[in-house]
Amino acid sequence: MDSTAPRKTTDIDDDLKFVRAVFPSANGGPCILAVSRDAWMAGVRPGMPLAEARSMAQPLTITPRAVHRTSTQNRTRSNTGKSATLRPTVAASTKELVSFHQWTSSADRRTLAAVAELTRRYAPVVGLDCMPLPDSLLLDITGCGPLFGGEAALAELLLRDLKLAGWTGRIAIADTIAAVWALTHTEHAAPEVRRSTQISTSNTSTSNAARRNASRAGENAQLYELPIQIIPPGMQPQEIARLPIAASRLPLKDLQILAHLGIRSIAQLLSLPREDLPSRLSQVAVERVHQLLGLTEESIIPLPESNPVAAVWNSEFPAKSFDDIRQVLQHLVESIAEQIERRRIACSVLISELTCASGNKLTLSAGVVKPTQSAELMFEVLGLRLETLPLTEPVSAISMTVQTVPIPVSRQRDLFSPTEHIRPQEELATLIARLSNRMGPQSVSTVRIQADPRPEHSLVLDPVIANADSTERAPQSEHILQRLTEPDPDAINNTERTLPRPLRLLATPQQIAGRDSEDRPPERISILGQQRRIVELHGPERIQTAWWTDKPCHRDYFRAITETGAQLWIYRDLQTGIWYLHGLFD
Amino acid sequence: MSAAAKAEAIHSLRRQLLASQRMQTVQQILPTGLTSLDAILPHGGLPAGSLIEWISEDAGLKAASIALKSIVPMMTLHGCLAIVDEHHEFYADSARSHGIPLSRMLLIRPVYAASGVQAAFGLAQATTSRSRFVRQASAAHSDALWALEQTARCPGVRVVLMFLEQASSAVMRRLQLAVERSGVTIVLIRPASILNQPSFADLRLYVTTVKPALAGITERRQLKVQLLRSRHGLQHTGHALLEVEHETGAVHSISELADSKPATSPAF
């Protein structure tokens, strides 16, 4: 491993951080990251310092050798013959048993991306494993099994293609990314075997978001047990429960905490009370547990294709007005639409780079909720984004690329299945695309609760369209649209009993009174420029976080009722004694 | 034509006009689940595809909570609940206690907006100059109104809710046209300062607090809802009494009504 690798991107930084965490010896100099079978047999181990590994690979051998001694004393002797003495010495063998190659994270990632090209015929979406030091590919094969004679047949064909290209791999098929990762990364007795001319391995994991039929397991390969593992529908909890906890993708620190508590398997981890987890484990660990249970969805971030769809315009006469730029963009969009229609793919994000006459570059990206081939929609969302661009000088060149996905497989519906929800979903997708591209991707989101006692942190907003520059996972649009628009016949009876919380929560609590020597609440409060007298106070409700929490909170909350009947949510900061207004029960 | 014949013709014409009005207003009516409120609403519920204004006598009087409770039955239909949250204050967790599932909620927040209550407190942003503050607030308000209109035009949305303080007649007219075409229901929570302004709403409801002396039971807070305007159908006079639980903040109906009788003529 090269301990002085240059810091370039966040992914590579994460990889190096992970390596240093797993192999502390890497902090002191180069060390071994991975080994082949021959190297293992020679005694080289991952984490071993390079110098030690080299010595393992170049064993010392004792050979008898003639020594010719010459000295001033001996020169005076007769020259009848040379005197020779046999003395055992130690000489190092010059033959290396293994060869050493420098590792770089970026090279590994490039190699995986190249392997991904081999898999594109099997799945519309191919992405990298999200963990640091990725060694897996994730394929979404929803609906693809029947095209290849079943999921098992698909997996076998994929393994065959990899083998022809010189790779060996392991495949798992399940409903969630967490499950397939756990199956493919459970340690086996035999060490990993690498391709003869490269040092990285390819473990290909296949995930399936919708399962219909149970499939048989694949035959054993020569090097691994069970190179193809398929979890039948409904069997996921049992199958992953037996796996060791290292397969859960929890951060190293959380694994150490759990090991200290005697938690060794995923079954033991999942049996822990979920409400206690946030206080003991990190947020990432809690998220991983939810993913293992299938409570939180994960999405695959697609890898860009090697032969991207693109269009370019440049001219010695720059475009000076918005109308000119829009005309150029329309022309480019039409070219893009033609290319994607020819390749039978669809556009999910449109990315344009505008080069100004001065050389400055501006990036314009527009996303859609449902992948589209429509030039009209692509141009509309791009136009909305263009309106928000701070453009102050003429543009001399525009290049446009797209993030593409294969056209969604149209599912044959039953004869009498209701279809009245299809058009509203499509209209909603178009609305979300318009709003997100005019006001920004963060402006349109769905809401979920997270376990945090602090009111301002108890809700998580998930943008429906991920930012094109974001490294976070893109949401599954079909599922989101269906969830948003699906009617609930039992909606009237779905009232949840929750703690009383205001409908309007101020983004920043407003100070209403200073510290009182006797901690008395304020008698008056100013709202909308008018003074109101507080006539009733209900509480306190104490909200306190652990001392080690980032931005801890120590507050006593009260519901204050004014003389006009208005209900306010105020609190006293226990550390400073200052009173704040936090919300209105509107 | 004799005077009697003329009177008969006018009476017949009035009956035909009323009948044609009722035909135009054949919309899906959904009872709110609050019996006292349904009793004062035309046809006993809220019409889908309409513009409804809830006006609150004062901030913090639970008008929005009552509005949310009243639209829960609309969640039995296709479409999502969109919240246009201009001031980034809407706390979705509270909506759950009124029966709104978070899975059906789409939250729309313009990228930059100053808190409405912060502005009311007269607190300037510490790191922003006054002029930039005003410009950004205007841009955010424009974006919010644009988002409201776009959302109201989308058949994939069942209900869109927004706290709207000020809006011009042109904006309100556009919203009215949008709901007529799309069938979306717009629910606007508005301050008492707009009471004297003309309304384009199908329904305008006014929420006030019941004075403690008249409330009787002091453990619970009572609210009065008056129907100020109904664009279609007949109008009941009177008001509905609702009560708010202290523990959970949930809103319930009180069955007694004050002086409720059907009117003999349309509201306008």
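What you are looking at is a predicted structure, and each value in this text was computed from that prediction instead of being measured.

Draft legend 1. Up close: the overall build of chain B. When helices and strands are tallied, chain B shows eight helices and eleven strands. The burial tally for chain B puts 45% of its 268 residues in the buried class. For chain B, contacts bridging at least 24 residues in sequence account for 71% of all contacts bridging at least 6.

Draft legend 2. Expanded view of the overall build of chain A. Counting its secondary structure elements, chain A contains 16 helices and 19 strands. The buried share among the 586 residues of chain A stands at 33%. Sequence separation of at least 24 residues holds for 62% of the intrachain contacts in chain A that already meet a minimum separation of 6.

Draft legend 3. Structural detail: the interface of chain A and chain B. In this assembly, 60 residues from chain A lie in contact with 59 residues from chain B. Of all the secondary structure elements, the ones that give two or more residues to the side of chain A that touches chain B are α15 (422-439), β12 (444-449), β13 (459-463), α16 (477-485), β14 (504-513), β15 (524-527), β18 (567-573) and β19 (579-584) of chain A. Residue contributions to the side of chain A that touches chain B peak at nine residues, all from α15 of chain A. Per-class residue counts for the side of chain A that touches chain B are 27 nonpolar, 21 polar and twelve charged. Looking at chain direction, β12 of chain A and strand β5 (residues 105-108) of chain B are connected through three bridges and run antiparallel. Paired with S445 of chain A across the two strands is L107 of chain B, which belongs to β5 of chain B.

Draft legend 4. Main features of helix α5 (residues 105-119) of chain A. Residues and elements named next belong to chain A. For α5, spanning 15 residues, the distance from its first C-alpha to its last is 21 Å, which sits close to the expected 21 Å at 1.5 Å a residue. Residues S105, D108, L112, A116 and T119 constitute the buried set of α5. For α5, the angular spread of buried residues about the axis comes to 90°, placing them on one side. The exposed residues of α5 that point more than 90 degrees off its buried face are R110 and A114.

Draft legend 5. Main features of the pairing of β15 of chain A. Residue and element names in this part refer to chain A. Here β15 shows one buried face, formed by I525 and I527, and one open face, formed by R524 and S526. In terms of strand pairing, β15 meets strand β16 (residues 530-544) through four bridges, oriented antiparallel. In the sheet register, S526 faces β16, and the bridge partner there is Q531.

Draft legend 6. Here's a closer look at the nonpolar core. Counting 134 residues, the largest nonpolar core has I432 of chain A together with W54, A67, V160, I186 and V207 of chain B as its most contacted members. Among the elements that make up this core, the one with the highest residue count is helix α13 (residues 322-343) of chain A (eight residues). Residues lining this core come from more than one domain, with at least three contributed by each of domain 3 (308-408 + 420-492) and domain 4 (504-584) of chain A. Contacts of I432 of chain A, omitting those with residues within four sequence positions, involve V369, V444, V464 and I465 of chain A. Counting 41 residues, the second-largest nonpolar core is a separate cluster that includes I173, A182, V286 and L292 of chain A.

Draft legend 7. Looking closely at the environment of E387 of chain A. All names here are of chain A. If you trace the backbone, E387 turns up in helix α14 (residues 375-387). For E387, a count of 11 C-beta atoms within 10 Å corresponds to the exposed category. Along the chain, E387 and F322 lie 65 residues apart, while their C-alpha atoms are 8.8 Å from each other.

Draft legend 8. Unusual backbone geometry, seen in detail. That bond from G539 of chain A to P540 of chain A is cis: its omega, 5°, falls within 30 degrees of zero. Of note in this structure, R249 of chain A is not a glycine but carries a positive phi near 65°. Positioned with a positive phi, H88 of chain B is a non-glycine residue whose angle comes to about 55°. Among the secondary structure elements, H88 of chain B is positioned in the loop between β4 (80-84) and α4 (92-95).

Draft legend 9. Geometry of the sheet that holds β19 of chain A. All names here are of chain A. Spatial strand order, β14-β19-β18-β17-β16-β15: six strands in an open sheet with antiparallel pairing. Unpaired on one side and paired on the other, β14 and β15 mark the two borders of the sheet. Averaged over all neighbouring strand pairs, the angle between strand axes comes to 40°, with direction disregarded.

Draft legend 10. Here's a closer look at the confidence of the model for chain B. Residue and element names in this part refer to chain B. Here chain B averages 79 in pLDDT, while 74% of its residues score no lower than 70. For chain B, per-element mean pLDDT is lowest for helix α5 (residues 116-120), which scores 46, and highest for β4, which scores 96. Counting contacts from residues 117-129, a segment whose pLDDT is below 50, to residues more than four positions away or on other chains yields 17 contacts. With pLDDT under 50 throughout, residues 256-268 is counted as low confidence; its partners more than four residues away or in other chains account for 24 contacts.

Reading guide: rules and limits
- Numbers given to residues run from 1 along each chain, matching the order in which its sequence is written.
- Following the order in which they are written, the chains are lettered starting with A and the ligands numbered starting with 1.
- Two thresholds apply to this predicted model, a pLDDT of at least 70 for residue-level local features and 80 or more for giving and counting side-chain atom pairs, whereas whole-chain, interface and lining totals are computed over all residues.
- Here a helix means four or more residues in a row that DSSP labels H or I, a strand means two or more in a row labelled E, and each is numbered from the N terminus.
- With C-beta atoms placed from the backbone, the exposure class of a residue follows from how many other C-beta atoms lie within 10 Å of its own: 20 or more, buried; 12 or fewer, exposed; in between, partly exposed.
- C-beta atoms are placed from the backbone for every residue, and two residues are taken to be in contact when these atoms lie within 7 Å.
- Classification used: nonpolar for Ala, Val, Leu, Ile, Met, Phe, Trp, Tyr, Cys and Pro, charged for Asp, Glu, Lys and Arg, polar for all others including Gly.
- Being paired, for any two strands, means DSSP has found at least two bridges between them.
- A helix is expected to span 1.5 Å for every residue after the first.
- Arc, as used here, means the arc of the directions from the helix axis to the C-beta atoms.
- In this usage, the nonpolar core is the set of buried Ala, Val, Leu, Ile, Met, Phe, Trp, Tyr and Cys residues whose C-beta atoms join them within 7 Å.
- An automatic or database domain assignment supplies the start and end points of every domain.
- Axes here refer to lines fitted to C-alpha atoms; in helices the fit is confined to the stretch in contact. Angles between the N-to-C directions go from 0 to 180 degrees.
- You can read pLDDT as the predictor saying how much it trusts each residue, on a scale of 0 to 100.

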